[in-house]
Amino acid sequence: MAGSSPEIVRKPRADAVRNRERVLEAAKAVFSAGGSEASLEAVARHAGVGIGTLYRHFPTREALYEAVYRREVEQLGDLAEQLQCAPEPVEALRRWLRANVEFVATKKGMVAALALVAHGSTELHAYSFDRLTKAIGTLLARAVAAGAIRDDISAEDVLRALIGMCYMHDQPGWQTTALRLLDVFVDGLRVQPADNMTESRKPKPGPKKASSKPSR
């Protein structure tokens with residue numbers, strides 16, 4: 001025999017791929033809700049699969065958390081690429097940032113496990129930071145080029161501001177507050193129209209002085 005035949009790598013079955021996606025989508029919903037119901041058993045029930053099916057795809061709790069995290073980051077990166085063609089660059093940036101609030105909600109539901117995963121994987125942290133800052137940078141640069149957003153803020157600045165708005169409190173209703181602050185933040189980045197700026201800089205007329213001429 002001249003040599004051994006190459007090993008055939010089989011593609012996952014279609015139903016296995018569907019089950020994996022169902023588990024990831026269910027995990028996102030369950031972890032976003034948080035609370036005592038955020039368990040792997042709840043994820044399996046929500047996905048409509050057995051717990052054994054879940055463990056076949058994700059043998060450990062940390063493996064599931066990391067997969068959900070990576071999937072969310074990838075989807076945010078894909079969304080940024082789609083929004084590059086949006087007609088309004090500022091609204092495209094706003095829509096992408098608002099999608100991040102949902103991502104943070106998912107992260108908050110698995111924060112303890114993610115801390116363990118991230119602590120043991122600097123690659124995961126580097127990957128997510130790089131992917132998200134590039135996504136912000138693309139949308140930010142487009143808005144700046146259109147003359148709609150101020151040019152003295154970086155993608156890292158925007159990401160830090162977003163994180164601050166999302167993590168300032170964990171009380172019920174935090175997402176509504178974060179979205180409201182996000183709108184204020186984005187509106188504050190807008191470049192003020194030149195005519196409005198010119199008008200605002202004009203000196204306001206003072207009160208008319210009484211005429212000193214004697215009346216006839």
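Just so we're clear, the structure is a prediction, and the values are computed from it rather than from any experiment.

A. A look at the overall build of the protein chain. In terms of regular secondary structure, the protein chain is built from ten helices and zero strands. Sequence-ordered secondary structure for the protein chain, helices as α and strands as β, is α-α-α-α-α-α-α-α-α-α. In the protein chain, which comprises 216 residues, the share counted as buried stands at 35%. Within the protein chain, counting contacts between residues at least 6 apart in sequence, those at least 24 apart form 70% of the total.

B. Main features of the nonpolar core. The biggest cluster of nonpolar side chains holds 56 residues, and the ones touching the most others in it are Val23, Phe31, Val43, Leu64, Trp96 and Leu97. Breaking this core down by element, the ones donating at least two residues are helix 1 (14-33), helix 2 (40-47), helix 4 (61-83), helix 5 (89-108), helix 7 (122-145), helix 8 (155-167) and helix 9 (174-189). In terms of residue count, helix 4 provides more of this core than any other element does, ten residues in total. Not counting the four nearest positions on each side in its chain, Val43 is found in contact with Val23, Ala26, Ala27, Val30, Phe31, Leu54 and Leu64.

C. The arrangement of the confidence of the model for the protein chain in detail. Residues with a pLDDT of 70 or more make up 76% of the protein chain, whose mean pLDDT is 81. Here helix 10 (residues 194-201) stands out as the element of the protein chain with the lowest mean pLDDT, 49, in contrast to helix 9, whose mean of 94 is the highest. This model gives residues 195-200 a pLDDT under 50, and the stretch forms one contact once residues within four places in sequence are excluded.

D. Just the layout of surface pockets, in detail. If you add up the space inside the second largest pocket, you get close to 180 Å³. Around the second largest pocket, the lining residues are Lys28, Glu72, Gln75, Leu76, Leu79, Arg95, Ala99, Glu102 and Phe103. Mapped by element, the contributors of at least two residues to the lining of the second largest pocket are helix 4 and helix 5. Of the residues assigned to the lining of the second largest pocket, the class counts are four nonpolar, one polar and four charged.

E. Structural context of the packing of helix 1 against helix 2. Contact geometry for helix 1 and helix 2: axes closest at 8 Å, N-to-C directions at 125 degrees. It follows that helix 1 is oblique to helix 2 by the angle criterion. Considering how the two elements wind past one another, helix 1 and helix 2 form a crossing that is right-handed. For the pair helix 1 and helix 2, contact is made by Arg22, Val23, Ala26, Ala27, Ala29, Val30 and Phe31 and by Ala42, Val43, His46 and Ala47, respectively. For the contact of helix 1 with helix 2, a count of residues per class yields nine nonpolar, one polar and one charged.

F. How the structure looks around the pattern of salt bridges. This model, assessed by the stated rule, comprises 16 salt bridges. Of the charged contacts, one joins Lys28 and Glu72 as a salt bridge, the two residues approaching to 3.6 Å between their closest N and O atoms. Of this pair, Lys28 sits in helix 1 while Glu72 sits in helix 4; the two residues are 44 residues apart in sequence, bridging distant segments of the chain. The pair Lys28 / Glu72 is uniform in exposure class, with both members buried. We note a salt bridge from Glu102 to Lys28, for which the minimum N-O separation is 2.9 Å. Of this pair, Glu102 sits in helix 5 while Lys28 is found in helix 1, placing the two residues 74 residues apart along the sequence. Taken together, the shared-partner salt bridges connect Glu91, Arg94, Arg98, Asp183, Asp187 and Arg190 into one network.

G. Inspection of the side chain of Thr177 at higher detail. Here Thr177 lies in helix 9. Overall, Thr177 belongs to the buried group, its relative accessible area being 18%. Filtering out sequence-adjacent residues up to four positions away, Thr177 remains in contact with Met168 and His169.

H. Spatial organisation of helix 9. The first and last C-alpha atoms of helix 9 sit 23 Å apart over 16 residues, in line with the 22 Å expected at 1.5 Å per residue. Buried within helix 9 are the following residues: Trp174, Thr177, Ala178, Leu182, Val186 and Leu189. For helix 9, the arc enclosing every buried residue in end-on projection is 165 degrees, short of the 170-degree limit, so these residues lie on one face. For helix 9, exposure combined with an orientation more than 90 degrees from the buried face picks out Thr176 and Val184.

Rules and cut-offs
- Residues numbered from 1 in each chain as written.
- Predicted model: local features only at pLDDT ≥ 70, side-chain atom pairs only at ≥ 80, totals over all residues.
- Heavy atoms only, no water.
- Helix = DSSP H or I, 4+ residues; strand = E, 2+ residues; numbered from the N terminus.
- Buried < 20%, exposed > 50% of the residue type's maximum accessible area, 1.4 Å probe, protein only.
- Contact = heavy atoms within 4.5 Å.
- Core = buried A, V, L, I, M, F, W, Y, C linked by side-chain atoms within 4.5 Å.
- pLDDT = per-residue confidence, 0-100.
- 1 Å grid on protein atoms, 1.4 Å probe; cavity = no way out; pocket = protein on both sides within 12 Å on 5 of 7 lines; lining within 4 Å.
- Points joined across faces, edges and corners; volume = space filled by probe spheres on them.
- Nonpolar A, V, L, I, M, F, W, Y, C, P; charged D, E, K, R; others polar.
- Axes fitted to C-alpha atoms, helices over the stretch in contact; angles between N-to-C directions.
- Parallel < 35°, antiparallel > 145°, perpendicular 65-115°, else oblique.
- Left-handed = near helix turned anticlockwise from the far one by under 90°.
- Salt bridge = Lys/Arg side-chain N within 4 Å of Asp/Glu carboxyl O.
- Expected span 1.5 Å × (residues − 1).
- Arc of directions from axis to C-beta.

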